[in-house]
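Structural overview for review
Here is what each chain is made of, one letter per residue.
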Amino acid sequence: MRYVLYAGAHPGTEFVDALRRAGREVRAVASLADAQKALRTEPPAVAVLDMGLDAAALREALISLLMIDARVHAAVVTDMAPDVFEDAMEGLGVLLPLPPDPGAAGAQALLCALEALKS
């Protein structure tokens, strides 16, 4: 089972703990450069970006990950309205948006999305 890569300054404890209780390994990195390095070294099951980026910068960050491995699944922590998010991330295949400080509910949503990929 591949790990969850969490890229951000401070992973939410409740979110990370819920993923770990579900049997997922979580590896946290603080920067996009570190996420890119991790992706080159050992691809994760999903990369979660929680970097407080605006729509344009978030899109560029996701593209930079996809340039390394186009098969990577990504979820992003964002407070963008759903219609703005859809427009900004169109064509990037983002697995799902997560609310700021996603907690256990966000972890469950991510796990469900990953499980749906299997079928």
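For the structure, check the block above.
In what follows, the accompanying structure is described. Source: prediction; values computed, not measured. (Residues numbered from 1 in each chain as written. Predicted model: local features only at pLDDT ≥ 70, side-chain atom pairs only at ≥ 80, totals over all residues. Heavy atoms only, no water.)

**Topic: helix α5 (residues 103–118)**
Every α-helix winds through 3.6 residues per turn, so residues three or four apart in the chain are directed the same way. Spanning 16 residues, α5 covers 24 Å between terminal C-alpha atoms, matching the ideal 22 Å at 1.5 Å per step. The inward-facing, buried residues of α5 abut β1 (4–8), α1 (13–21), β3 (46–50), β4 (74–77) and β5 (96–98). (Helix = DSSP H or I, 4+ residues; strand = E, 2+ residues; numbered from the N terminus. Expected span 1.5 Å × (residues − 1). Contact = heavy atoms within 4.5 Å.)

**Thoughts on helix α3 (residues 55–68)**
Taking 1.5 Å per residue, 14 residues should reach 20 Å; α3 reaches 20 Å between its end C-alpha atoms and fits that length. Residues of α3 that are buried include every one of Leu58, Ala61, Leu62, Ser64 and Leu65, and no others. Looking straight down α3, one finds that the buried residues subtend no more than 155° of arc, so they occupy a single side. Seen from the buried face of α3, the exposed residues on the opposite side, beyond 90 degrees, are Ala56, Glu60 and Met67. (Buried < 20%, exposed > 50% of the residue type's maximum accessible area, 1.4 Å probe, protein only. Arc of directions from axis to C-beta.)

**Some details on the nonpolar core**
Most often, soluble globular proteins keep nonpolar side chains buried together rather than apart. Counting 22 residues, the largest nonpolar core has Leu5, Leu49, Leu58, Leu62, Val76, Met89 and Val94 as its most contacted members. With 4 residues, the single largest contributor to this core is α3. Excluding residues that lie within four positions of it along the chain, Val94 makes contacts with Leu62, Ala74, Ala75, Val76, Phe85 and Met89. Formed by 18 residues, the second largest nonpolar core is a distinct cluster that contains Val16, Ala75, Leu98 and Leu110. (Core = buried A, V, L, I, M, F, W, Y, C linked by side-chain atoms within 4.5 Å.)

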